[in-house]
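Spelled out from the first residue to the last, the chains are:
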Amino acid sequence: SAVISQKPSRDICQRGTSLTIQCQVDSQVTMMFWYRQQPGQSLTLIATANQGSEATYESGFVIDKFPISRPNLTFSTLTVSNMSPEDSSIYLCSAAEPGQGFNEQFFGPGTRLTVL
Amino acid sequence: GDSVTQMEGPVTLSEEAFLTINCTYTATGYPSLFWYVQYPGEGLQLLLKATKADDKGSNKGFEATYRKETTSFHLEKGSVQVSDSAVYFCALRYSSASKIIFGSGTRLSIRP
């Protein structure tokens, strides 16, 4: 199984600023995902990040707002740009290996973001 | 599109009570089904899974059966404990390379 850590674990930010969230996996993984969990709601996929290619964004999410980097097979960052109070959420990173059979998708502990 | 619907919470039960959390899904294909659990202050963990119709997933006393005829994957436990207090998410996924579609989550609180 993969162990995933995220930094920071939580932050309080001012409107209009940006925050970069780091996600570190303890093993090499092909696919990494970024999810958002708004207060009292379910998890929604923001984008899929594969090493060596541009991130693929879900409907309603754009690169200018949520730029993602994936420089190697164990690390990814998500930036929340020009933040507003509506961006207050928990942001979760996850990782998986594609292939035959069942391959679990592992989740990090999340980054709790509050925008004032 | 594909979606997951689960019962609204919060659900509050006494210790040793029987638990059912309902989950139904809408899918265009044949996904795998999951229950994830999020304990207070912790990350999301896979609780159990079922990859095809009639499969039963089980873990930590929890069970769920993949019912294609009723498009359901209800979570059950015969005797809950205070330590089961958490938020439970029903979810589906088509492959390791695809995204997970989550239900809205059900908060479970168990009274001693």
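Per chain, residues are indexed from 1 in the order of the written sequence. As they are written, the chains are lettered A onward and the ligands numbered 1 onward, keeping that order. For this predicted model, a pLDDT threshold of at least 70 governs which residues receive local features, and a threshold of 80 or more governs which side-chain atom pairs are given and counted, while totals over whole chains, interfaces and linings are taken from all residues. Side-chain metrics rest on all non-hydrogen atoms present in the structure, leaving aside hydrogens and water.

**What to know about the state of the cysteines**
Then step 1. Sulfur atoms of two cysteines make up a disulfide when they are within 2.5 Å. Counted under the stated rule, the structure contains two disulfides over all chains.
Then step 2. Shown here is the disulfide that connects A:Cys23 with A:Cys93, its sulfur atoms set 1.8 Å apart. Handedness here is read from the sign of the S-S torsion; for A:Cys23 and A:Cys93, about -60 degrees, the answer is left-handed. You can see A:Cys23 sitting in strand S3 (residues 19-25) and its partner A:Cys93 sitting in strand S9 (residues 89-96), a full 70 residues away along the chain. Considered together, A:Cys23 and A:Cys93 belong to a single accessibility category, that of buried residues.
Then step 3. Put simply, B:Cys23 and B:Cys90 are joined by a disulfide, and their sulfur atoms are 1.9 Å apart. Its S-S torsion of about -70 degrees marks the bond between B:Cys23 and B:Cys90 as left-handed, since a negative value means left-handed. Of this pair, B:Cys23 sits in strand S4 (residues 23-26) while B:Cys90 sits in strand S10 (residues 86-93), and the two are 67 residues apart along the sequence. Across the pair, B:Cys90 and B:Cys23 agree in class, each one buried. Helix and strand assignments follow DSSP, with helices taken as H or I runs no shorter than four residues and strands as E runs no shorter than two, numbered in order from the N terminus. Whether a residue is buried, partly exposed or exposed follows from its accessible area with a 1.4 Å probe, protein chains only, as a fraction of its type maximum: under 20%, in between, or over 50%, in that order.

**Regarding the nonpolar core**
Then step 1. In this description, a nonpolar core means a group of buried Ala, Val, Leu, Ile, Met, Phe, Trp, Tyr and Cys residues linked to one another through side-chain atoms lying within 4.5 Å. Grouped together as the largest cluster of nonpolar side chains are 27 residues, with contacts concentrated most on B:Trp35, B:Leu47, B:Leu48, B:Phe73, B:Leu75 and B:Tyr88.
Then step 2. Among the secondary structure elements, those contributing two or more residues to this core are strand S2 (11-14), strand S3 (19-21), S4, strand S5 (32-38), strand S6 (44-50), strand S8 (62-65), S10 and strand S12 (106-111) of chain B.
Then step 3. The greatest single-element share of this core, amounting to four residues, is contributed by S10(B).
Then step 4. When sequence neighbours within four positions are dropped, the list of residues in contact with B:Phe73 reads B:Cys23, B:Leu33, B:Phe34, B:Trp35, B:Leu48, B:Lys49, B:Ala50, B:Ala64, B:Thr65, B:Tyr66 and B:Cys90.
Then step 5. Grouped together as the second largest cluster of nonpolar side chains are 26 residues, A:Met32, A:Ala47, A:Tyr57 and A:Phe66 included. A contact between two residues is defined here by any heavy atoms of the two lying within 4.5 Å.

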